[in-house]
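Listed below are the residues making up each chain.
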Amino acid sequence: MKVKVLLNNPSNEIIIKGSRFISEVFSISTQQEARDRLHEQKLRYSDATHVCHCFIAGLKAETCGMSDDGEPSGTAGRPMLDILKGSGITNILVTVTRYFGGTLLGTGGLVKAYGDSVKEVLALCQTEEYIERSCFTFVCDWALYENLKRKITDAFHITDLNEEFGDGVNLSGKIYSDEKDALCDMVTNLSKGKIFVHFV
């Protein structure tokens, strides 16, 4: 499964037998960021009955965590995380805040409520496939500038291109990491070995 990352941070609310379940999505990149955001959520919803969560971090989805936050063991965090894993999204934290409505839902009802909360908020997420990018920079003289810029932007997936004009032109930007070698080869060939691309 290809890894996806978030483009937005939606929220959703469902009400089941009087209990409110507020689900929210956050972009995170580390376990510490997930903890920090969860701490903020618990402060924000200090009057709530539970603030359960699950998260996945890392470009290989190598770090994950969850908590039932006082709900019966296995009724909140685990079903939430199972659904999140199935989404293919990483670097994501989902919190589900519950305000108890007076009616017990039972273990099966809780599993469904927390699972449905995550399903519904994930359906609102906009994502894109994660592609590793590398930052590059090089300096070329004015005679080569226009031709070289046109050829590399036509040939490669370059974003955030920046140009600084001085005695020469300093070009910098981001490129798909698997295109780094080809970019170096093209720039070297077009400049007859005078220009070298640096990656930072």
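Residues numbered from 1 in each chain as written. Predicted model: local features only at pLDDT ≥ 70, side-chain atom pairs only at ≥ 80, totals over all residues. Heavy atoms only, no water.

Considerations on the packing of helix H2 (residues 77-87) against helix H3 (residues 106-122)
Put simply, H2 and H3 touch, their axes get as near as 8 Å, and they point 30° apart. Taken together, the axes of H2 and H3 lie roughly parallel to each other. Where H2 crosses over H3, the handedness of that crossing is right-handed. Counted together, Pro 79, Met 80, Ile 83, Leu 84 and Ser 87 of H2 and Val 111, Tyr 114, Gly 115, Val 118, Lys 119 and Leu 122 of H3 form the full contact between these two elements. Here the contact of H2 with H3 is built from residues that sort into eight nonpolar, two polar and one charged. (Axes fitted to C-alpha atoms, helices over the stretch in contact; angles between N-to-C directions. Helix = DSSP H or I, 4+ residues; strand = E, 2+ residues; numbered from the N terminus. Parallel < 35°, antiparallel > 145°, perpendicular 65-115°, else oblique. Left-handed = near helix turned anticlockwise from the far one by under 90°. Contact = heavy atoms within 4.5 Å. Nonpolar A, V, L, I, M, F, W, Y, C, P; charged D, E, K, R; others polar.)

Topic: the sheet that holds strand S11 (residues 198-199)
The four strands are arranged S9-S10-S8-S11 in an open sheet whose pairing can be described as antiparallel. Each edge of the open sheet carries a strand with a single partner, namely strand S9 (158-165) and S11. Summarising the sheet, strand S8 (residues 133-140) and strand S10 (residues 169-176) pair through eight bridges and their orientation is antiparallel. Counterpart to Cys 135 in the pairing with S10 is Lys 174. Running over the sheet, helix H4 (residues 142-155) touches S8, S9 and S10 and is turned about 175° from S9. (Pairing = 2+ DSSP bridges.)

A short note on the nonpolar core
Among the nonpolar cores identified, the biggest contains 23 residues, and Ile 92, Val 94 and Tyr 114 are the most heavily contacted of them. If one sorts the elements of this core by residue count, H3 sits on top with six residues. Ignoring anything within four residues of it in the chain, the contact list for Tyr 114 reads Phe 21, His 50, Cys 52, Glu 71, Thr 75, Ala 76, Met 80, Val 96 and Arg 98. Counting residues in hydrophobic clusters, the runner-up holds 15 residues, among them Leu 148, Leu 171, Ile 175 and Val 197. (Core = buried A, V, L, I, M, F, W, Y, C linked by side-chain atoms within 4.5 Å. Buried < 20%, exposed > 50% of the residue type's maximum accessible area, 1.4 Å probe, protein only.)

Side note on the environment of Glu 71
When you line up the elements, Glu 71 lands in the loop between strand S5 (63-67) and H2. Along the chain, Glu 71 and Thr 107 lie 36 residues apart, while their C-alpha atoms are 9.1 Å from each other. The contacts of Glu 71, once residues within four sequence positions are left out, are His 50, Cys 52, Ala 76, Arg 98, Leu 110 and Tyr 114.

What about the confidence of the model for the chain?
Confidence along the chain averages 94 in pLDDT terms, with 100% of residues attaining 70 or more. Within the chain, the lowest mean pLDDT, 91, falls on strand S7 (residues 127-129), and the highest, 98, falls on strand S6 (residues 92-99). (pLDDT = per-residue confidence, 0-100.)

Thoughts on the environment of Ile 14
Within the element layout of this structure, Ile 14 appears in strand S2 (residues 11-16). Ile 14 gets classed as buried once you look at its relative accessible area, which sits at 12%. The spacing of Ile 14 and Ser 29 is 15 residues in sequence and 28 Å in space, taken between C-alpha atoms. For Ile 14, the residues in contact, after removing those within four places along its chain, are Ser 19, Arg 20, Phe 21, Ala 113, Asp 116, Ser 117 and Glu 120.

Remarks on the packing of H4 against helix H5 (residues 180-190)
Running from N to C, H4 and H5 point in directions that differ by 155°, and their axes come no closer than 11 Å. As judged from the angle between their axes, H4 and H5 are roughly antiparallel. For the pair H4 and H5, the sense of crossing is right-handed. Contacts from Leu 144, Asn 147, Leu 148, Lys 151, Ile 152 and Ala 155 of H4 reach H5 at Leu 183, Met 186, Val 187 and Leu 190. Each residue belonging to the contact of H4 with H5 can be placed in one class, and the counts come to eight nonpolar, one polar and one charged.

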